[in-house]
Amino acid sequence: MAKVFKKTSGNGGLTLYLGKRDYVDHVDKVDQVDGVVKLDTKDFGDRKVFVQLACAFRYGSDDLDVMGLCFRKDIWIHHFQIYPECHKPTLSAMHDTLLKKAGDDAKPFSFEIPTNLPCSVSLQPGPDDQGKACGVDFEIKTFIANKKSDPDEKIEKKDTARLVIRKIQFAPSQIGAGPKADICKSFMLSDNPVHLEASLEKDLYFHGESIPIKIKINNESNKTVKKFKISVEQLTDIVLYSADKYTKAVLCQEFGETVESNGTYENTLTITPLLAENKEKRGLSLDGRLKDEDTNLASTTMLRQGLEKEVLGILVSYKIKINLMVAGGGLLGGLTSSDVTLELPLMLMHPKPEE
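Each value, and the rule that gives it
- Residues numbered from 1 in each chain as written.
- Predicted model: local features only at pLDDT ≥ 70, side-chain atom pairs only at ≥ 80, totals over all residues.
- Heavy atoms only, no water.
- Helix = DSSP H or I, 4+ residues; strand = E, 2+ residues; numbered from the N terminus.
- Buried < 20%, exposed > 50% of the residue type's maximum accessible area, 1.4 Å probe, protein only.
- Areas by Shrake-Rupley, 256 points an atom, 1.4 Å probe, with all protein chains shown as cover.
- Core = buried A, V, L, I, M, F, W, Y, C linked by side-chain atoms within 4.5 Å.
- Contact = heavy atoms within 4.5 Å.
- Salt bridge = Lys/Arg side-chain N within 4 Å of Asp/Glu carboxyl O.
- Pairing = 2+ DSSP bridges.
- Axes fitted to C-alpha atoms, helices over the stretch in contact; angles between N-to-C directions.

## As for the overall build of the chain
If you tally the helices and strands in the chain, you get 1 helix and 21 strands. In the chain, buried positions account for 46% of the 355 residues. Carbon and sulfur atoms make up 48% of the accessible area of the chain, which amounts to about 18,400 Å² in all.

## What about the nonpolar core?
In terms of nonpolar packing, the biggest core is built from 72 residues, with Ile213, Ile217, Ile320 and Leu324 touching the most fellow members. At 7 residues, strand β19 (residues 314-327) tops the list of elements feeding residues into this core. In this structure Leu324 touches Val194, Leu196, Ile217, Val225, Lys227, Phe228, Ser338, Asp339 and Val340, once residues within four positions along its chain are discounted. With 5 residues, the next largest nonpolar core counts Tyr17, Leu98, Ala102 and Ala106 among its residues.

## Things to note about the pattern of salt bridges
Should their charged atoms come close, side chains of opposite charge can pair. Going through the model one piece at a time under the given rule, you end up with 14 salt bridges. With its nearest N and O atoms 2.9 Å apart, the salt bridge here joins Asp40 to Lys42. With a relative accessible area of 32%, Asp40 lands in the partly exposed category. In this structure, the salt-bridge partner of Glu254 is Lys227, at a minimum N-O distance of 3.3 Å. With Glu254 in strand β16 (residues 244-255) and Lys227 in strand β15 (residues 224-238), the pair connects residues that are 27 residues apart, well separated along the chain. Exposure remark for Glu254: the relative accessible area of 52% places this residue in the exposed category. Linked through salt bridges whose partners overlap, the residues forming this network are Glu233, Lys319, Lys321 and Glu343.

## What to know about unusual backbone geometry
With an omega of -15°, the peptide bond between Tyr83 and Pro84 qualifies as cis. Residue position: Pro84 is located in the loop between β6 (72-83) and α1 (93-102). Phi is positive for Asp105, which is not a glycine, with a value near 60°. With respect to the helices and strands, Asp105 occurs in the loop between α1 and β7 (106-111). By relative accessible area, which is 56% here, Asp105 ends up exposed. The backbone of Asn262 sits at a positive phi, close to 65°, despite the residue not being glycine. Relative to the helices and strands, Asn262 is located in the loop between β16 and β17 (264-271). Look at Asn262 and you get exposed, because its relative accessible area is 62%.

## Section: the sheet that holds β7
Strands in a sheet are paired, the pairing made by backbone hydrogen bonds, and the direction either parallel or antiparallel. If you trace the 4 strands from one edge of the open sheet to the other, you get β1-β2-β4-β7, paired in antiparallel fashion. In this open sheet, the two edge strands, each paired with only one partner strand, are β1 (5-8) and β7. In this sheet, neighbouring strand axes are inclined to one another by 20° on average, regardless of whether the strands run parallel or antiparallel. In terms of strand pairing, β1 meets strand β2 (residues 14-18) through 4 bridges, oriented antiparallel. Paired with Lys6 across the bridge in β2 is Tyr17. Strand contacts of α1: β2, β4 (33-39) and β7, with the helix running at about 20° to β4, the strand carrying the most contacts.

## Side note on the sheet that holds β17
In space, the 4 strands of this open sheet follow the order β11-β12-β14-β17, with antiparallel pairing throughout. Either end of the sheet is taken by a strand with one partner, and the two such strands are β11 (180-185) and β17. Strand-to-strand twist of the sheet, defined as the mean angle between neighbouring strand axes without regard to direction, takes the value 15°. Pairing of strand β14 (residues 211-219) with β17, which is carried by 8 bridges, proceeds in the antiparallel orientation. Paired with Ile217 across the bridge in β17 is Tyr265.

Right, here's the structure in full:
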């Protein structure tokens, strides 16, 4: 194991150990979470030790939790008691490694993450925003308490240790044929239309990968295609607490090619949407971020058939828009100008790493 992640409680009585912080959603199952808690029981008294995994949607920072309002909604939460020992998981190779690392008085635990939970997504904060980012996160917490989940019991911060983990998806091994679309648009004062056709080589691209778009324009009208623009839009659908849907452009490139009346144009143009070009855009969806680690644009949400999307919290998708700016000639050219717009679906994900 290259690295062990650990966090110790303020009182020194609990140390949480994990072998990894990224857990892959394979659509039909999710990687099991195996960990260990090392105990120093001298100050526990009659209290017990629990470990929990919670998936929550955060839609406001912690410092906004005033007057009884909470800006965090638990989507799913599960507890185990590990001292006195109640939870005895089947030991895995990960457990064996962590138990050797932790030494004596260490208790193993395991969590099965349900397949219907969302993946980790965070919304990019603005330059002046403070505290944790809004979005969906997963957190493992071990704590000392008298009861497992007593709302009246106040658990001291010094009696807890917690680590954030991520639930992520990788691209499927089979990548399909790319989408293709076309449009034929007629104009006022023109007998013939403008034809626009666009296609992608495949249906899924990796983050940071160049995306070639094949474009064909057949201008049979008496107007001129002055220029055209290609943009990539991220669509974020927050389905948990409201019906919020919003769109943010993550790329916009303008091309100055002109297509005269009765002319044609055919070319393959390459674009690459990157988070580096969008660092200032507040509310942009990103893949879940671990502390002090960089991230990227959020991956496309892959839905399992029959899954209720309301439980997913945040759904992310992308589309490519090709927009032709068409203008007529003569004195009325500006008045008779119009646009021809075509859209293609786009999937952005991470490649599955080599085993």
